[in-house]
Each structure stands twice: as structure tokens, then as C-alpha cells.
Amino acid sequence: VTGQAERHDVVIALGSNMGDRLEHLRAAIREMAAELIQVQRASSVWETAPVPADQPPFLNAVVVAKTALYPHQLLATLKAIEHRLGRRKGRRWGPRPIDLDILFYGDRKLEEEPLTIPHPRIAERGFVLAPLAEVCAGPLPVLGAPAKELLAKVGEEGLERTDEALL
Ligand code: PH2
Ligand code: MG
Ligand code: MG
């Protein structure tokens, strides 16, 4: 349709282990909707053991969205949302009120500092794979294997599905 920007399918991982974790996940989704990122589906909310272990447990989820933003615009927008929700620079892999990571951008492969797509650690992270398997049943873009298969390899220890809904 003339005048309508092309929208791309993207998959975003959400995580929180500070403050009102569930509210941070929900607020992030509201903020995305206000920023040209239309969330179509959301996984369950999972409570997951932190990696590394010296911090509080996380709530994790994965959403599938459509966006007209290009990858670097999407990254900048997600960073701005993280900041609005109280995220400040902390140690790598340390506690945070909200973390928003781009897992996939269509079936595109991208290696441009500071953005690598697909996210480089998907296959080794149960806390990403468990919610991802709920919203992406088939073979994953670029990686080729279904999330469920990758999850079976890393195991489901420390991953607990909750009854909370995001949408
Ligand atoms: N995110 C991290 C580091 N460790 N652990 C869990 N369980 N969930 C996360 O989302 C997570 C983590 C860095 O982004
Ligand atoms: Mg992360
Ligand atoms: Mg991040």
C-alpha cells in the first residue's frame, strides 16, 4: 500500500530482576506499542535462575512484534525504553530493572557493533529458549533448529513457568 512503511517481524527477549519485575515487563510492552513496535504475541512469564548466580532471580519472557524500525533504530528505541524504566549502566550481566534484547529481525543476519542478530547467546540460554519455544514453534530463523530442540540440549533446570499473562 502506498505510503505505508514495510513492517518486519522481530522477536524480542525481556528480562527483569529488580523492583516490580512483572510490572517492568508489562510497562516495556506498553512502551513498545507507543514506539512503533506492535507486539503480536507474548510467551508466558518464566521465573528463572540468574546467570551468574550472585543476584536475584529473573522474570523472563519473549514477544513477537512487527515494526517499521530498522535494526539500529529498533536497538536505540529499546535502549531508550530501558532507560525510561530506570535502567542505568551496571556491571555486565548484573541486576537490572529491565533488559530488552533483539533475538531475531526477520531472517536477517547482522554483525555490526554493537548489534549482532540473531542474538549470539540464544542457543546457550534456557531462560531465552523456554519462552521462545512457546512463541516460535518451527525452526528458528538463521539457527535452523527449533527452540525446543536447543532447550533440550541445555536442560530446563532453574526455569519455572508462571501463570502471569503479559497481554
Ligand atoms: N540476563 C542477563 C544475565 N543473566 N539470567 C537470567 N535468568 N535471565 C536473564 O534475562 C539474564 C540472566 C544479561 O542480559
Ligand atoms: Mg540480555
Ligand atoms: Mg541487553
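Residues numbered from 1 in each chain as written. Chains lettered and ligands numbered in written order. Predicted model: local features only at pLDDT ≥ 70, side-chain atom pairs only at ≥ 80, totals over all residues. Heavy atoms only, no water.

**Student:** Would you take a moment to explain the coordination of the magnesium ion (ligand 2) for this structure?
**Tutor:** Where a metal carries four tetrahedral donors, each ideal angle is 109.5 degrees; where it carries six octahedral donors, the ideal angles are 90 or 180 degrees. The magnesium ion (ligand 2) binds to the protein through Asp99 (OD) and Asp101 (OD), with metal-donor distances spanning 2.1 Å. If you look at the magnesium ion (ligand 2) and the magnesium ion (ligand 3), they sit 3.5 Å from each other and are both ligated by aspartate 99. Aspartate 101 carries the same exposure label as aspartate 99, and that label is buried. (Donors = N, O, S within 2.8 Å, 3.2 Å for Na, K, Ca; no water. Buried < 20%, exposed > 50% of the residue type's maximum accessible area, 1.4 Å probe, protein only.)

**Student:** Looking at this structure, I do not really get the site of ligand 1. What am I missing?
**Tutor:** In the region of ligand 1, the neighbouring residues are Thr48, Ala49, Pro50, Val51, Phe58, Asn60, Trp93, Arg96, Asp99 and Phe127. Contacts to ligand 1 include valine 51, whose backbone N or O atom sits 2.5 Å from a nitrogen atom. In the environment of ligand 1, an oxygen atom lies 2.9 Å from a nitrogen or oxygen atom belonging to the side chain of aspartate 99. When ligand 1 is considered free in solution it has 330 Å² of accessible area, and contact with the protein chains removes 96% of it. Its residues placed into classes, the shell around ligand 1 shows 6 nonpolar, 2 polar and 2 charged. (Near = heavy atom within 4 Å. Polar contact = N/O pair within 3.5 Å; in protein donor to acceptor, adjacent residues only side chain to side chain. Areas by Shrake-Rupley, 256 points an atom, 1.4 Å probe, with all protein chains shown as cover. Nonpolar A, V, L, I, M, F, W, Y, C, P; charged D, E, K, R; others polar.)

**Student:** Sorry, what's going on with the coordination of the magnesium ion (ligand 3) here?
**Tutor:** Within the first shell, the magnesium ion (ligand 3) binds the protein through Asp99 (OD) and Asp101 (OD), at distances of 2.1 to 2.2 Å. Overall, aspartate 101 belongs to the buried group, its relative accessible area being 17%.

**Student:** Can you help me understand the environment of aspartate 107 in this one?
**Tutor:** Take aspartate 107: it is sitting in the loop between β5 (99–105) and β6 (110–112). In this structure aspartate 107 comes out as exposed when scored by relative accessible area, which is 64%. Residues aspartate 107 and proline 131, 24 residues apart in the sequence, show an inter-C-alpha distance of 19 Å. Non-local contacts of aspartate 107, meaning those with residues more than four positions away in its chain, are made with Pro141 and Val142. (Helix = DSSP H or I, 4+ residues; strand = E, 2+ residues; numbered from the N terminus. Contact = heavy atoms within 4.5 Å.)

**Student:** I'm lost on the pairing of strand β4 (residues 58–67) in this one. Help?
**Tutor:** Regular strands have side chains that alternate between both faces of the sheet. Counting buried positions along β4 yields 9 of 10 residues, so the element is predominantly enclosed. With 9 bridges connecting them, strand β1 (residues 8–16) and β4 associate as antiparallel partners. Counterpart to serine 16 in the pairing with β4 is leucine 59. Where strand β2 (residues 37–42) lies against β4, 5 bridges are found, and the strand directions are antiparallel. Note that in β4 the partner of arginine 41 across the bridge is valine 64. For strand β3 (residues 46–48) and β4, the ladder comprises 3 bridges, and the chain directions are antiparallel. Counterpart to tryptophan 46 in the pairing with β4 is asparagine 60. (Pairing = 2+ DSSP bridges.)

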